[in-house]
Amino acid sequence: LLRDGNAAAYPFGFGLSYTTFVIGAVATEVVDDVVHLTVGARNTGTRPGTDVVQVYAVEPTRLVGFARVELSPGEARDVDIVIPTARLAVRDLDRHEMVVRPGPYDLRVARSAEDAGVAVSVEIRPSA
């Protein structure tokens with residue numbers, strides 16, 4: 001929602017299509033400095049179509065990864081999204097630089113910025 005309380009007609013990442021899609025199960029794995037997500041996507045409509053599966057970091061909210069998928073009617077497929085941990089960096093006001101802090105990061109896999117999507121959490125370990 002915008003500051004004045006009105007919902008956007010077309011929120012960031014919103015795509016028009018002649019079919020419908022849903023996001024299913026999401027699996028996560030962190031290897032070295034990369035977050036790997038495997039996202040189930042399904043075309044629930046009656047026409048072939050293309051969708052963009054988007055991953056948002058929750059605090060502060062920002063797009064950190066996405067993948068395009070083309071699906072036939074009724075088709076389901078796993079979509080792989082790779083996110084370097086550097087995309088999760090936040091501004092350190094004391095050090096005056098972007099840093100990736102160890103700890104949990106909440107992510108939201110969605111179809112647009114205003115879609116509730118699927119919430120997941122990943123744990124970033126300190127670098128050796």
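Only a predicted model underlies this, so the values are computations on that prediction, with no experimental measurement involved. (Residues numbered from 1 in each chain as written. Predicted model: local features only at pLDDT ≥ 70, side-chain atom pairs only at ≥ 80, totals over all residues. Heavy atoms only, no water.)

Novice: I keep staring at the overall build of the protein chain and nothing clicks. Help me out?
Specialist: Broken down by element type, the protein chain carries 0 helices and 9 strands. Reading the protein chain from its N terminus to its C terminus gives the helix and strand order β-β-β-β-β-β-β-β-β. Principal-axis analysis of the C-alpha atoms places the extent of the protein chain at approximately 50 × 40 × 15 Å. Considering the protein chain as a whole, with its 128 residues, one finds that 34% of them fall into the buried category. For the protein chain, long-range pairs separated by at least 24 residues make up 56% of all intrachain contacts whose partners lie at least 6 apart in sequence. As presented, the protein chain carries roughly 8100 Å² of accessible surface, and 53% of it is formed by carbon and sulfur atoms. Charge separation in the protein chain, taken as the distance between the mean sites of 13 positive and 17 negative side-chain charges, equals 4 Å. (Helix = DSSP H or I, 4+ residues; strand = E, 2+ residues; numbered from the N terminus. Buried < 20%, exposed > 50% of the residue type's maximum accessible area, 1.4 Å probe, protein only. Contact = heavy atoms within 4.5 Å. Areas by Shrake-Rupley, 256 points an atom, 1.4 Å probe, with all protein chains shown as cover. Lys, Arg positive; Asp, Glu negative; His and termini not counted. Charge placed at Lys NZ, Arg CZ, Asp CG, Glu CD.)

Novice: I tried to follow the nonpolar core on my own but got confused; where do I start?
Specialist: In globular proteins that are soluble, nonpolar side chains generally tend to be buried together. In this structure, Leu-37, Val-53 and Ile-81 are the most contacted members of the largest nonpolar core, which totals 24 residues. Contributing elements (two or more residues each) for this core: strand 1 (21-31), strand 2 (34-43), strand 3 (49-57), strand 4 (62-71), strand 5 (76-84), strand 8 (103-110) and strand 9 (118-124). Ignoring sequence-local partners within four residues, the contact set of Val-53 consists of Ile-23, Val-39, Ala-41, Gly-65, Phe-66, Ala-67, Val-69, Val-79, Ile-81, Val-109 and Ala-110. (Core = buried A, V, L, I, M, F, W, Y, C linked by side-chain atoms within 4.5 Å.)

Novice: Explain the sheet that holds strand 9 here, please?
Specialist: Strand order in the open sheet formed by 4 strands is 4-3-8-9, with antiparallel pairing between adjacent strands. What marks the edges here is a single partner per strand, and that holds for strand 4 and strand 9. Between one strand axis and the next, the sheet turns through 25 degrees on average, direction left out of account. With 4 bridges joining them, strand 3 and strand 8 adopt antiparallel strand pairing. In the sheet register, Gln-54 faces strand 8, and the bridge partner there is Ala-110. (Pairing = 2+ DSSP bridges. Axes fitted to C-alpha atoms, helices over the stretch in contact; angles between N-to-C directions.)

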